[in-house]
Number of protein chains: 2
Amino acid sequence: MTYCVGMMLDKGLVLMSDTRTNSGVDNISVFRKMFTWQEPGERIITVMTAGNLASTQAVVSQLEERMKEPGQRENILFEAPTMFNVATEIGKLLRSTIGERQSANGARGQGKFTASIIVAGQIKGMEPRLFMIYPEGNFIEASLDTPFFQIGETKYGRPIIIRGYDREMSLEDGVKLLMVSFDSTLKANLSVGLPLDLQVIERDTFEPKHQHRITHDDTYFQTISAGWGDALKHAFHSLPDYSFYRED
Amino acid sequence: MTYCVGMMLDKGLVLMSDTRTNSGVDNISVFRKMFTWQEPGERIITVMTAGNLASTQAVVSQLEERMKEPGQRENILFEAPTMFNVATEIGKLLRSTIGERQSANGARGQGKFTASIIVAGQIKGMEPRLFMIYPEGNFIEASLDTPFFQIGETKYGRPIIIRGYDREMSLEDGVKLLMVSFDSTLKANLSVGLPLDLQVIERDTFEPKHQHRITHDDTYFQTISAGWGDALKHAFHSLPDYSFYRED
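Worth saying up front: this structure is predicted, and the values here are computed from it rather than measured.

Undergrad: I'd love a proper account of the packing of helix H5 (residues 219-238) of chain A against helix H5 (residues 219-238) of chain B, names of residues and values included.
TA: Across the interface, H5(A) lies against H5(B) with an axial gap of 9 Å and an inter-helix angle of 145°. Crossing geometry of H5(A) relative to H5(B) is assigned as right-handed. Residue-level inspection shows A:Trp228, A:Ala231, A:Leu232, A:Ala235, A:Phe236 and A:Ser238 of H5(A) in contact with H5(B), the latter providing B:Trp228, B:Ala231, B:Leu232, B:Ala235, B:Phe236 and B:Ser238. A breakdown of the residues in the contact of H5(A) with H5(B) according to their chemical character gives 10 nonpolar, two polar and no charged.

Undergrad: With reference to specific residues and values, describe the sheet that holds strand S1 (residues 3-9) of chain B.
TA: Residue and element names in this part refer to chain B. A sheet is described by the order of its strands in space; here five strands give the open sequence S10-S1-S2-S11-S12, paired in antiparallel fashion. Of all the strands in the sheet, just strand S10 (148-152) and strand S12 (210-214) have a single pairing partner and so form its edges. Each neighbouring strand pair of the sheet contributes to a mean axis angle of 10°, computed without reference to strand direction. Sheet topology note: the S1/S10 ladder contains five bridges and is antiparallel. For Met7, the partnering residue across the bridge sits in S10 and is Phe148. Sitting on the sheet, helix H4 (residues 171-188) touches S1, strand S2 (12-17), strand S11 (196-202) and S12, and the angle it makes with S2 is about 25°.

Undergrad: So, unusual backbone geometry: which residues are in play, and what are the values?
TA: Glycine aside, residues mostly have negative phi, and peptide bonds are mostly found in the trans state. Residues and elements named next belong to chain A. The step from Leu194 to Pro195 runs through a cis peptide bond, and the omega angle for that step is -5°. With respect to the element layout, Pro195 can be found in the loop between helix H4 (171-188) and strand S11 (196-202). Phi angles above zero are rare outside glycine, and Asp204 is one such case at about 65°. In this structure, Asp204 sits in the loop between S11 and strand S12 (210-214). For Asp204, a relative accessible area of 48% corresponds to the partly exposed category.

Undergrad: Quick rundown of the pairing of strand S7 (residues 115-123) of chain B? Include the residues and the values.
TA: Residue and element names in this part refer to chain B. Counted residue by residue, S7 has nine buried out of nine residues, so it is predominantly covered. The alternating pattern of S7 places Ala115, Ile117, Val119, Gly121 and Ile123 on one face and Ser116, Ile118, Ala120 and Gln122 on the opposite face, and all of these are buried. As judged from the nine bridges shared by strand S6 (residues 43-51) and S7, these two strands associate in the antiparallel manner. Residue pairing in the sheet places Thr49 in a bridge with Ile117 of S7. Bridging between S7 and strand S8 (residues 129-133) involves five bridges; their strand directions are antiparallel. Residue pairing in the sheet places Ile117 in a bridge with Ile133 of S8. Where S7 folds back onto S8 in an antiparallel hairpin, the turn is made up of five residues, including Gly125, whose phi is positive at roughly 90°.

What counts and what doesn't
Residues numbered from 1 in each chain as written. Chains lettered and ligands numbered in written order. Predicted model: local features only at pLDDT ≥ 70, side-chain atom pairs only at ≥ 80, totals over all residues. Heavy atoms only, no water. Axes fitted to C-alpha atoms, helices over the stretch in contact; angles between N-to-C directions. Helix = DSSP H or I, 4+ residues; strand = E, 2+ residues; numbered from the N terminus. Left-handed = near helix turned anticlockwise from the far one by under 90°. Contact = heavy atoms within 4.5 Å. Nonpolar A, V, L, I, M, F, W, Y, C, P; charged D, E, K, R; others polar. Pairing = 2+ DSSP bridges. Buried < 20%, exposed > 50% of the residue type's maximum accessible area, 1.4 Å probe, protein only.

As far as function goes, none of this settles anything; it's purely spatial.
See the structure below:
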């Protein structure tokens, strides 16, 4: 499994992904699921992937045309005029990649090669945008009503984002919120694992403001993980106690 | 979907279930998923069900032999010498009920008629016990290592139970913890809905210490739901802030 979140704030985009892939619990590997392309001062596009690894790697390779010789490669992401076009192109690649695998595998492959992709970024002169692309290649865009997208193992870490999100929060608080959400998920589900990849894209800068790989010995993440348990207990005890002899 | 939790504390058992059943989002009903049988001073047995409603209702009806005329009914739960036997009998009924439906439906029914059951209770002279029964009829028992079971839509409400559970906590705090867990789930998933059924079984009493149906206008639940949002935000802000200029 996987857990990736893309979050849209007024000040920019905060993105986080885990790196665990597993084919059964006895076959665990570390693979990067966050990929960035940038043209300094012009555009930055970051993609996070969940689902069948061979399919998502194939999509990323096709985006970079890695099947061609180095001299002949070009990245279609640099040509797309808008983020909407970027999402459309990636959606096409995802649908065709999954379609090929499914048909090669026949009916047996039902659902096996599914994958989803979060696309985030900004092109100069336009707003930062955030999309979630479905296996069918269609996609939705984040809005004020739905300002974040999760893919993969989304449920454990969802309540805290729903409760904690505020579009006016600082980028630093956005990072802290995703750390808590990932910590809750890591504590509950073995298929999501460290290290985590973090990227912060500030509005109108077209390069990552901050990039960081969070490993087991990351002191800030350790502090959050330990502190959140205590903070939750404190929050729990701050609520009024239940009484078996209620009047209402 | 459904959400039910059975939690074993030193002082007894705390059980909570929702009541929403749905067949699509446009066909929502309220059905009780918690059922109790008691022989005062001798035994109390409570069952919570998740999964295909027709299957779980069939199991409960068979437990009570409701297919017979009233005068001829007897409840096998009152005859079982131990809670282990109770779980075994319910497991058999669940497996055979699901098996009949699956075979009547042929291969098309793959997975459609699945169901799980939590069984909790105590028989005089023995310890309180808590079991989770799988659709296959086999089951596991709660222990010090795994002192609570969830069935249905389990993921949203799991992190707070993992963080907040303490076997020495009071029964009242157990109720509060489950209220928070259910509130997180209700906020994230439409398929789990109010009202909730709550039951508290104190060790060695063989009758419910407390039973309550939590409806939309339950003032305590409203207080917890509103207060938890604020308490979480406070907990979040009590954690150290992230800095983009870290040294580690």
